[in-house]
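Observations on the three-dimensional arrangement
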Amino acid sequence: MRIETLAVKTGMDPDGTSRAIAPPITLSTTFERGEDGSYPGGFDYSRSGNPNRAVLEAALAALEGGREAVAFPSGMAATFSVIFSLSPGEHVVAADDAYYGTGVLLRDSFAERGIEASFVDMTDLDAVRSAMRPHTRLVWMETPSNPLIRISDIEAIAGIAREGGAISCCDNTWATPLLQRPLDLGVDLVMHSTTKYFGGHSDVTGGAVIVREPGGTLEALRKIQKDGGLVPSPFDAWLTRRGLESLAARMAMHCANAMELARFLDAHPRVERVHYPGLRDDPGHALAARQMSDFGGMLSFNVVGGRDEAFAVAAGVKVIARATSLGGTHSLIEHRASVEGPTTRAPENLLRMSAGLEHIDDLKEDLDRALAAAPADV
Ligand SMILES: *Cc1c(COP(=O)(O)O)cnc(C)c1O
């Protein structure tokens, strides 16, 4: 089956007794044991397993083309679990523009527990190569990246990891398997914040790791999920599984709207520069065209001027919402530098946008109004 069909059908067989097409939400924390001591329904206790979580995990594994998926209550819980599966003394090579929280977790929590990390520009393969150490165990990539929407070469980085005896993990939150398939490119693990495009409606927090092959890492992740109690609630799993059903349709429109917005902003006199790999002169364009089937729903742009001018543009929008996060139906705009704080790598005149599912003309008119209202004497 094709990915669009998998997104609708995987794990969604009609419910046994009611024949309901949409699955019921199973809230029970405990499940009946047979007279022989077995668990005929396949579940014993809700921390170890739940039908809604099982359905979600089956669908996530199918979409990424992996062996199994392990669902977590947030993207950060998924990232935490991958790093927690390492041992003290082991080393991580991570993208210097990985999700802000990933860097914070590595620097603040894991470094003091003996798992060290080196942060490198992953668009530079030589930099990745030279960051590898004998005890490097994990290479963490993320593409397209935040906030400059840079593209790194998944297949090449996975190869460098393998040569160095490390596993590779790709944060595929922004692209989703509709646009990019890291496991097919040789990556070992795919991580997702399902809070974003998978849930798709800005109403559920979640995360997952999809594993290409059975083995030690999968077992370790299952153990962390169960022993650490890092489990999504049945309703959260249900909402996320529901979001997947419309993922393909939504991604097509997110991408189309982002492409149009990028072109519009690129031609606007108040905009200094647009970062979107769909633009032909974007530094990531050629690589993105090769490794992605479309260019994604995220873009960012530098307003002519500085922080005040960027704030003025964000203040002027009425259709687009001023909020963090991405991947939902509502278009969002955000000044990353002020959200990330003093250690940010985001330029002060940069605004990041998540293209939503509103009509493109309403979005363009909204930005046009906001840009026109921004201070002119810059
Ligand atoms: C949001 C996000 C995360 C963190 O996920 P949460 O669900 O907020 O914990 C990680 N990586 C990327 C790329 C994200 O966008």
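Every value quoted in this text rests on a predicted model; they were computed, and no experiment measured them.

The local shell around the ligand holds 14 residues, among which Met-76, Asp-171, Ser-193, Thr-195 and Lys-196 are the closest. One nitrogen or oxygen atom from the main chain of Gly-75 is found 2.9 Å from an oxygen atom belonging to the ligand. Here an oxygen atom of the ligand sits 2.8 Å away from a polar atom, N or O, in the main chain of Met-76. Across the complex, the protein chains shield 91% of the 380 Å² of accessible surface that the ligand would expose by itself. Here the shell around the ligand is built from residues that sort into 5 nonpolar, 6 polar and 3 charged.

Here the focus is a nonpolar patch on the surface. On the surface, Ile-25, Leu-27 and Phe-235 cluster together to form a nonpolar patch covering roughly 290 Å² of accessible area. Tracing the sequence through the fold places Leu-27 in the loop between α1 (3-9) and α2 (51-64).

Moving on, we come to the sheet that holds strand β6 (residues 189-193). Overall, mixed pairing links the 7 strands, which are arranged β1-β7-β6-β5-β4-β2-β3 in an open sheet. The outermost strands of the open sheet, each flanked by one partner alone, are β1 (68-72) and β3 (116-120). Direction aside, the axes of adjacent strands within the sheet are offset by 20° on average. Most of the contacts of helix α4 (residues 100-110) go to β3, to which it runs at about 140°, and overall it touches β2 (91-95), β3 and β4 (136-142).

Glancing now at helix α9 (residues 234-245). Between its first and last C-alpha, α9 extends 17 Å over 12 residues, near the 16 Å set by a 1.5 Å rise per residue. Every buried residue belonging to α9 is among Pro-234, Ala-237, Trp-238, Leu-239, Thr-240, Arg-241, Gly-243 and Leu-244, and all of these are buried. Against α1, α2 and α10 (247-266) lie the buried residues of α9.

The next subject is the sheet that holds strand β9 (residues 298-303). A sheet is described by the order of its strands in space; here 5 strands give the open sequence β8-β9-β12-β11-β10, paired in mixed fashion. Two strands in the sheet have a free side with no partner beyond their single neighbour: β8 (271-275) and β10 (321-322). Pairing of β10 with strand β11 (residues 332-334) involves 2 bridges; the strand directions are parallel. Within the sheet, the bridge partner assigned to Arg-322 lies in β11 and is Ile-333. Sitting on the sheet, α10 is in contact with β8, β9 and β12 (350-354), with an inclination near 15° to β9.

Calculation rules
- Sequence positions are assigned chain by chain, starting from 1 and proceeding in written order.
- The predicted nature of this model means local features are confined to residues of pLDDT at least 70 and side-chain atom pairs, given and counted, to a pLDDT of 80 or more, with totals for whole chains, interfaces and linings taken over all residues.
- Only hydrogens and water are set aside; all other atoms, that is, all heavy atoms of the structure, feed into the side-chain values.
- Any residue with at least one heavy atom within 4 Å of a molecule or strand is counted as near it.
- Residues adjacent in sequence count toward polar contacts only when both atoms are side-chain atoms; beyond that, a polar contact is any pair of N or O atoms within 3.5 Å, and within protein one must be able to donate a hydrogen and the other to accept it.
- Values of accessible area rely on a 1.4 Å probe in the Shrake-Rupley scheme; residue burial ignores everything except the protein chains shown.
- Under the grouping applied here, Gly and all other residues not named as nonpolar or charged are polar, the nonpolar ones being Ala, Val, Leu, Ile, Met, Phe, Trp, Tyr, Cys and Pro and the charged ones Asp, Glu, Lys and Arg.
- Patches were defined on residues exceeding 30% relative accessible area and lacking a salt bridge, with like-charge contacts within 9 Å and nonpolar side-chain contacts (Val, Leu, Ile, Met, Phe, Trp, Tyr) within 5 Å.
- When a carboxyl oxygen of Asp or Glu is within 4 Å of a side-chain nitrogen of Lys or Arg, the pair counts as a salt bridge.
- What counts as a helix is a DSSP run of H or I of at least four residues, what counts as a strand is a run of E of at least two, and both are numbered from the N terminus.
- Two strands form a pair only when DSSP identifies at least two bridges running between them.
- Lines fitted to C-alpha atoms define the axes here, with helix axes fitted over just the stretch in contact, and angles between the N-to-C directions of these axes take values from 0 to 180 degrees.
- What makes two residues a contact is simply this: any of their non-hydrogen atoms within 4.5 Å.
- Residue count minus one, scaled by 1.5 Å, sets the expected span of a helix.
- Accessible area is worked out with a 1.4 Å probe on protein chains only. A residue is then buried under 20% of its type maximum, exposed over 50%, and partly exposed in between.

That is the geometry; function is a separate question.
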